[in-house]
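Understanding the architecture of this molecule
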Amino acid sequence: MTHPVSSRPRSRPRPYRRPHKDPVRILAYDALRAVDERAAYANLVLPPLLGRAREAGTLDARDAALATELVYGTLRRQGTYDAVLAACVDRPLREVDPPVLDVLSLGAHQLLGTRIPSHAAVSSAVELARCVLGDGRAKFVNAVLRRVAARDLDGWVTELAPPYEEDAERHLSLKYAHPRWIVAALWDALGGGRDGIEPLLAADNERPRGTLVARPGRSTAEELPAADPHAEPGRWSPYAVRLAEGGEPGALDAVADGRAGVQDEGSQLVALALANAPLSGPDTRWLDGCAGPGGKAALLGALAAGRGATLVAAEKQPHRARLVARALEGNPGPAHVVVADGTRPAWRPGTFDRVLVDVPCTGLGALRRRPEARWRRRPEDLDGLTALQRELLRGALASVRPGGVVGYATCSPHLAETRLVVADVLKGLPGAGAEWIDARPLLPGVPELGEGPDVQLWPHLHGTDAMYLALLRRTA
Ligand SMILES: C[S@@+](CC[C@H](N)C(=O)[O-])C[C@H]1O[C@@H](n2cnc3c(N)ncnc32)[C@H](O)[C@@H]1O
């Protein structure tokens, strides 16, 4: 007996196709794994990975820029992407293997946070999954990302966040990918309504342009741009140079040999305000009480040298004190680096004429630079930090002579780390121990500094980190 021959050709298994190895996505995935697995920092992990890839000839400058954008963007918006992925995966996200979640997050960022067309975003993530996870899990990645691709970012925010009118903090938290407690803290510090907070949260999601400081006596802001034809002068610091978008400050000769440094303009303005605060009597001994890694110390050291003063740069951590020493190498005048605890000054009370304490803080003012920081910080961190900040400010006030000036600075606008610390310490000083100096005139030309006497800079208003500065004069 013969069987009828089917008129339809039998479906044959598709021939195996090797996954496409895309060096940009593989490098971005490696960086995300390091940040996730080893709690590494993206700004430290990425440069060596990019450097090796460039040496091996696998990435050109455009690829490196794309890889950087993918890593930073994925990490910054992690909370929002997690919420979207949770809606697209049929089990709790914590049960998804971390490497799979990293590929999914990278895919979600390409779909929702870049202009990469949807089909290319999904297929590149699936190819990456095939390379690093295997074909089985790549199918899962494909299925999930197709669900993610059903809406754009605004569509997902509408779907997942409560309306602004119902719960403004939760709405903004999801829309701008900031933990809710950080939205609340920034809003408190900023005051005002929706018009203020939204541009700030949006600015936190932009990568800042690299900024250099031309160290006085060693280089000038006019000569630095030679290395970068698209660089621009800073807006207010006479020593600042803003590099072109994507400019690599570390690659410049002047930075390598210490004539210039990489320093946000806000950080420069803080050091300048302390250096220029009016002072009567001697002005020869300056202290940076929390100097590591040395950005402000290097600028203060150069300014001090120009006026015949000496800088002492104190830092508690020996390895960070070594960074300060490196930053001060070649300083045009005397500068000494000491390993010291600023809460228990090792020098006689009243030794210094000017003292800066740029205290350890939550870093909520520099979220633009550290994409993963907002998801690692916890509100509980504040207790220990604010206690230390008070101690350090007391130590600084004890170190300055009567009539001398103390600058209290943080790279966080959180009120618990700024005004409340200063107010609390002043309240506890015996007698009329110190008085406020209006810091605003010491940042000449800088707009929107508030009602004083302290100043708060903002990324969306000034294009700087959200540095805070209070200036105090010791009176007794
Ligand atoms: C915000 S950073 C200072 C940044 C620095 N001013 C700059 O511009 O590069 C705070 C520094 O204070 C140091 N520090 C923490 N506790 C300290 C203490 N008790 N005494 C002195 N330094 C301390 C930290 O190790 C850290 O290097």
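Please read all numbers here as calculations on a predicted model, not as lab measurements.

**Here's the deal with the overall build of the protein chain**
For the protein chain, the count of helices and strands is 19 helices and 12 strands. The principal-axis extent of the C-alpha atoms belonging to the protein chain is close to 115 × 50 × 35 Å. The buried share of the protein chain, taken over its 476 residues, is 53%. Pairs at least 24 apart in sequence give 72% of the contacts found in the protein chain among residues at least 6 apart. For the protein chain, the accessible surface area stands at approximately 22200 Å², while carbon and sulfur atoms represent 52% of it. Between the centroid of the 60 positive side chains of the protein chain and the centroid of its 57 negative side chains there is a distance of 5 Å.

**Overview of the side chain of Asp 465**
Tracing the chain through its elements places Asp 465 in the loop between helix H19 (459–462) and strand S12 (468–474). Overall, Asp 465 belongs to the buried group, its relative accessible area being 5%. A polar side-chain atom of Asp 465 sits 2.9 Å from a polar atom in the side chain of Arg 369. Discounting chain neighbours no more than four positions away, the residues touching Asp 465 are Asp 264, Gly 365, Ala 366, Arg 368, Arg 369, Cys 411, Leu 457, Trp 458 and Pro 459.

**Quick look at the site of the ligand**
Taken together, 20 residues lie around the ligand, and Glu 315, Arg 320, Asp 341, Gly 342 and Asp 358 are the ones closest in. In the model, an oxygen atom of the ligand is placed 3.1 Å from a nitrogen or oxygen of the Gly 294 main chain. The contact in question runs from a nitrogen atom of the ligand to an N or O atom on the backbone of Lys 316, over 3.4 Å. Burial of the ligand by the protein amounts to 87% of the accessible area it has alone, namely 600 Å². Looking at the shell around the ligand residue by residue, the class counts come to seven nonpolar, seven polar and six charged.

**Remarks on the sheet that holds strand S2 (residues 232–233)**
Within the open sheet, the four strands sit side by side as S2-S3-S1-S4. Their pairing is antiparallel. Strands with a single pairing partner mark the edges of an open sheet, and in this sheet they are S2 and strand S4 (260–262).

**Brief notes about the nonpolar core**
By size, the foremost hydrophobic cluster in this structure holds 51 residues, and its most contacted members are Val 71, Val 141 and Val 148. At the level of elements, helix H1 (23–37), helix H2 (42–55), helix H3 (61–76), helix H4 (78–88), helix H5 (98–112), helix H6 (118–132), helix H7 (135–148) and helix H8 (153–160) are the ones that each hand at least two residues to this core. Residues contacting Val 71, with those up to four places away along its chain left out, are Ala 28, Ala 31, Leu 32, Ala 42 and Leu 46.

**Section: H1**
Taking 1.5 Å as the rise per residue, H1 with 15 residues should run 21 Å; its terminal C-alpha atoms sit 21 Å apart, in good agreement. Within H1 the residues assigned to the buried category are Val 24, Arg 25, Leu 27, Ala 28, Tyr 29, Ala 31, Leu 32, Arg 33, Ala 34 and Val 35. Turning to H1, the residues buried within the fold contact H2, H3, H5, H6 and helix H16 (373–376). Sitting at the amino-terminal end of H1 is Asp 22, which places a side-chain oxygen 2.9 Å from the backbone nitrogen of Val 24. Within two residues after H1, Ala 39 carries a phi angle of roughly 50°, on the positive side.

**As for the packing of helix H13 (residues 265–276) against helix H14 (residues 295–306)**
Packing of H13 against H14 brings their axes to within 9 Å, and their N-to-C directions diverge by 35°. H13 and H14 meet at a crossing whose hand is right-handed. Residues Ser 267, Gln 268, Val 270, Ala 271, Leu 272, Leu 274 and Ala 275 of H13 form the contact with H14, whose own contacting residues are Lys 296, Leu 299, Leu 300 and Leu 303. Along the lines of polarity and charge, the residues of the contact of H13 with H14 split into eight nonpolar, two polar and one charged.

**Focus: the pairing of strand S6 (residues 310–315)**
With five of six residues buried, S6 is to be regarded as a mostly interior element. Where strand S5 (residues 285–288) meets S6, four bridges bridge the pair, whose relative direction is parallel. Within S6, the position partnered with Asp 288 by the bridge is Ala 313. Handedness of the crossover joining S5 and S6 through H14 is recorded here as right-handed. In this fold, the crossover linking S6 to strand S7 (residues 335–339) by way of helix H15 (residues 318–328) has right-handed handedness.

**What to know about H14**
Over its 12 residues, H14 runs 17 Å from end to end, which matches the ideal 16 Å to within 8%, given 1.5 Å per residue. When you tally the buried positions in H14, you get nine out of 12 residues, the bulk of the element. Of all the positions in H14, only Lys 296, Ala 297, Ala 298, Leu 299, Leu 300, Gly 301, Ala 302, Leu 303 and Ala 304 are classed as buried. Positive phi appears at Gly 308, one or two residues downstream of H14, with a value of about 75°.

**A few points about the packing of H14 against H15**
Axis separation between H14 and H15 bottoms out at 9 Å; the angle between their running directions is 40°. By the angle between their directions, the pair H14 and H15 is classed as oblique. Between H14 and H15 lies a crossing of right-handed hand. Facing H14, whose interface residues are Ala 297, Ala 298 and Gly 301, H15 presents Val 324, Ala 327 and Leu 328. Taken together, the residues that form the contact of H14 with H15 break down as five nonpolar, one polar and no charged.

**Digging into the packing of aromatic side chains**
Tallied over the entire structure, the rule returns two aromatic pairs. Judged by centre distance (5.7 Å) and plane angle (90°), the rings of Trp 347 and Phe 352 are edge-to-face. The pair formed by Trp 347 and Phe 352 is uniform in burial state, with each residue classed as buried. Summarising the aromatic geometry, the rings of Tyr 408 and Tyr 468 are spaced 6.4 Å apart at their centres and angled 70° between planes, so their arrangement reads as edge-to-face. With a gap of 60 residues between them, Tyr 408 in strand S9 (residues 400–410) and Tyr 468 in strand S12 connect regions that are remote in the sequence. Relative accessible area serves as the criterion here: at 0%, Tyr 408 is assigned to the buried category. Just above the ring of Trp 156 sits the side chain of Arg 151; from NZ or CZ to the centre is 4.8 Å.

The rules we used
Residues numbered from 1 in each chain as written. Predicted model: local features only at pLDDT ≥ 70, side-chain atom pairs only at ≥ 80, totals over all residues. Heavy atoms only, no water. Helix = DSSP H or I, 4+ residues; strand = E, 2+ residues; numbered from the N terminus. Buried < 20%, exposed > 50% of the residue type's maximum accessible area, 1.4 Å probe, protein only. Contact = heavy atoms within 4.5 Å. Areas by Shrake-Rupley, 256 points an atom, 1.4 Å probe, with all protein chains shown as cover. Lys, Arg positive; Asp, Glu negative; His and termini not counted. Charge placed at Lys NZ, Arg CZ, Asp CG, Glu CD. Polar contact = N/O pair within 3.5 Å; in protein donor to acceptor, adjacent residues only side chain to side chain. Near = heavy atom within 4 Å. Nonpolar A, V, L, I, M, F, W, Y, C, P; charged D, E, K, R; others polar. Pairing = 2+ DSSP bridges. Core = buried A, V, L, I, M, F, W, Y, C linked by side-chain atoms within 4.5 Å. Expected span 1.5 Å × (residues − 1). Axes fitted to C-alpha atoms, helices over the stretch in contact; angles between N-to-C directions. Left-handed = near helix turned anticlockwise from the far one by under 90°. Right-handed = clockwise from strand over helix to strand, strands pointing away. Parallel < 35°, antiparallel > 145°, perpendicular 65-115°, else oblique. Phe/Tyr/Trp six-rings, centres within 6.5 Å; stacked < 30°, edge-to-face > 60°. Lys NZ or Arg CZ within 6 Å of the ring centre and 35° of its normal.

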